[in-house]
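Each chain, written out:
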Amino acid sequence: MRCTGPRSPRAGNVVSYEQRHVSVNTDFTHGLGEVLTATAAKLPGGNLTFAESIFMLSQSSPYNFGPTTQLLGEVDLKFNTGSMRNIYSPNTVCARELVVDELARQMGQDPLEFRRSFLKDDRLKAVMDKVAQEGEWGRSLPDGVFQGIGIASEYRSAAAVLVELDCRPETVDRQVTDGVTGPRVTKATIVVDTGIALNPRGLEAQMIGGLNDGIALALTSSLPHEGRHPARRQLDNYFYTRQWNTPLETKVVVMPPTSEQPGGAGELAVAPSFAAVACAYARSIGKIPT
C-alpha cells in the first residue's frame, strides 16, 4: 500500500491513495455454481477474470483521498485454496484502516476526528460516531490496554467496530494447552446500519460471528506449516478464535431504519473487526504491523 500526503502536523489533506492487494491465488473454478461459468473459470485466464471482477465490484474507499486506485495481484503457490469469508474485504479494509490511523498520527489528529473529516458517506459517519459514544472512545485505560476502530460499508450496509485490546504481559504470556494466546480483545462494540433490520436479533448474532472472525484473522488464525504447505489440516489444528480469545464484553447496536430496503449483513462485520483489532495492536507497538 502507498499513500501520499503531507507529513506536517499542521497540514490536513491527503492528495492521492494507491492500494495494491497481493494474496495467494483464490480458486474460483466453481464459477457461479453452474456448469457454464465453472467451465469458463477453468479456461486460461478465466480464474483471474473472476478474481479481478469480484475485487473491483466489492472494494472501494469511503474516504475523500483524491485520486484513488485499488488493484489486485494474486500469486499461485500451487496448493488448493478457497474463498475466505468476505473474500477480499478483510485484508483490504484492514490495510486501509491501518494507513488511515498512521496518517492521523502523522498529521497530529485523533484517528476518529481524522476519519470524520474525510468520510464521504453520512451513514458511515453515523455508525462511527455511535460506536465512539457506545464504546467510550478515548476513555482512560490501564497501561498496556489500547483502543482501535475500524469501519466498512458493503452490501448497501455500514458497520463500525471499536475494540479494547489487552497487551499486558500477564495476558500475552498466559499459557493454554494446544492453543494460541497473545493479546486479547477484552471489550468490543459494534454498530450496524442495514437500512432496515428484518431480524434484529439475528443481525446481532451475525455481527458477533463476524467479530470473532476478525479477531481470528488479526491474532490467532493459523496452521502449523512444513515449508510452504500446511503440515496438519484438521480443524482442531486450525486456531480460530477460541473461548480464551473472545471478548469479555460485547455490545451490538442496531441503528434505527435509514431506508425502506434491507441491506446485506452476512459478512459485514468481518472486515471492520479485523481492522479495529489490528489498529489497536498497531497502537500498542507504535508502528504498522506487517
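Up top is the structure these notes are about.
These lines cover the structure that appears in this document, whether it is placed above or below. Remember, it's a predicted structure, so these values are computed and weren't measured experimentally. (Residues numbered from 1 in each chain as written. Predicted model: local features only at pLDDT ≥ 70, side-chain atom pairs only at ≥ 80, totals over all residues. Heavy atoms only, no water.)

Details of the pairing of strand β5 (residues 157-166)
Then, number 1: Of all 10 residues in β5, 10 are buried, a share of seventy percent or more.
Then, number 2: Of the two faces of β5, the one carrying Ser157, Ala159, Val161, Val163 and Leu165 and the one carrying Ala158, Ala160, Leu162, Glu164 and Asp166 are both buried.
Then, number 3: Relative to β5, strand β4 (residues 145-154) runs antiparallel, the two sharing 10 bridges. Bridged to serine 153 within β5 is alanine 158.
Then, number 4: Of the pairings in the sheet, the one linking β5 to strand β6 (residues 184-193) comprises nine bridges and is antiparallel in character. Following the sheet pairing, leucine 165 is matched in β6 by valine 185. (Buried < 20%, exposed > 50% of the residue type's maximum accessible area, 1.4 Å probe, protein only. Helix = DSSP H or I, 4+ residues; strand = E, 2+ residues; numbered from the N terminus. Pairing = 2+ DSSP bridges.)

A look at the packing of helix α1 (residues 35-42) against helix α2 (residues 46-58)
Between two packed helices, what matters for the description is the angle formed by their axes and the separation of those axes.
Then, number 1: Running from N to C, α1 and α2 point in directions that differ by 110°, and their axes come no closer than 5 Å. In terms of their interaxial angle, α1 and α2 are classed as roughly perpendicular. Contact residues: α1 offers Thr37, Ala40 and Ala41, while α2 offers Gly46, Asn47 and Phe50.
Then, number 2: Grouping the constituent residues of the contact of α1 with α2 by class yields three nonpolar, three polar and no charged. (Axes fitted to C-alpha atoms, helices over the stretch in contact; angles between N-to-C directions. Parallel < 35°, antiparallel > 145°, perpendicular 65-115°, else oblique. Contact = heavy atoms within 4.5 Å. Nonpolar A, V, L, I, M, F, W, Y, C, P; charged D, E, K, R; others polar.)

A short note on the packing of aromatic side chains
Then, number 1: Applying the stated criterion across every chain, the model contains six aromatic pairs.
Then, number 2: With a centroid separation of 5.5 Å and 80° between ring planes, the pair formed by phenylalanine 55 and tyrosine 88 is classed as edge-to-face. Note that phenylalanine 55 is positioned in helix α2 and tyrosine 88 in the loop between β3 (68-75) and α3 (89-106), a separation of 33 residues in sequence.
Then, number 3: Tyrosine 88 sits in the buried class, given a relative accessible area of 3%.
Then, number 4: When the centroid spacing of 5.0 Å and the interplanar angle of 15° are considered together, the rings of tyrosine 63 and phenylalanine 65 count as stacked.
Then, number 5: On the accessibility criterion, tyrosine 63 (1% relative accessible area) is buried.
Then, number 6: Aromatic ring contacts, followed pair by pair, group Tyr17, Tyr63, Phe65, Phe114 and Phe118 into a single cluster. (Phe/Tyr/Trp six-rings, centres within 6.5 Å; stacked < 30°, edge-to-face > 60°.)

What to know about the environment of threonine 92
Then, number 1: Residue position: threonine 92 is located in helix α3.
Then, number 2: On the basis of relative accessible area, threonine 92 is assigned to the buried category, the value being 2%.
Then, number 3: Placed 168 residues apart in sequence, threonine 92 and glutamate 260 show a C-alpha to C-alpha distance of 30 Å.
Then, number 4: In contact with threonine 92, not counting residues within four places along its chain, are Gln19, His21, Phe55, Gln59 and Gln70.

Considering the pattern of salt bridges
Then, number 1: According to the stated counting rule, one finds 16 salt bridges in the structure shown.
Then, number 2: Ionic pairing is found between aspartate 213 and arginine 85, a salt bridge with its closest N-O pair at 2.5 Å. Here the residue aspartate 213 occupies a position in helix α7 (residues 200-220), and arginine 85 occupies one in the loop between β3 and α3, the gap between them amounting to 128 residues.
Then, number 3: Taking the relative accessible area as the measure of exposure, aspartate 213 reaches 16% and is therefore buried.
Then, number 4: As a salt-bridge pair, arginine 123 and aspartate 193 come within 2.9 Å of each other at their nearest N and O atoms. Here aspartate 193 lies in strand β6 and arginine 123 lies in helix α5 (residues 122-134), a separation of 70 residues in the sequence.
Then, number 5: Since its relative accessible area comes to 3%, aspartate 193 is described here as buried. (Salt bridge = Lys/Arg side-chain N within 4 Å of Asp/Glu carboxyl O.)

With respect to the nonpolar core
Then, number 1: Grouped together as the largest cluster of nonpolar side chains are 27 residues, with contacts concentrated most on Val14, Tyr63, Phe65, Leu103, Phe114, Val127 and Ile151.
Then, number 2: Broken down by secondary-structure element, the contributors of at least two residues to this core are α3, α4 (111-118), α5, β4 and β5.
Then, number 3: In terms of residue count, the dominant contributor to this core is α5 (five residues).
Then, number 4: Dropping the residues within four chain positions of it, phenylalanine 114 is found in contact with Val14, Phe65, Val100, Leu103, Ala104, Met107 and Gln109.
Then, number 5: In this structure, Cys167, Val185, Val192 and Leu203 belong to the second largest nonpolar core, which totals 20 residues. (Core = buried A, V, L, I, M, F, W, Y, C linked by side-chain atoms within 4.5 Å.)

A look at the packing of α4 against α5
Then, number 1: At a minimum axis separation of 10 Å, α4 and α5 run at an interaxial angle of 165°. One element, α4, and the other, α5, form an angle in the roughly antiparallel class. Relative to α5, the crossing made by α4 is left-handed. Two secondary-structure elements touch here, α4 through Leu112, Arg115 and Arg116 and α5 through Lys125, Met128, Asp129 and Ala132.
Then, number 2: For the contact of α4 with α5, the class distribution of residues is three nonpolar, no polar and four charged. (Left-handed = near helix turned anticlockwise from the far one by under 90°.)

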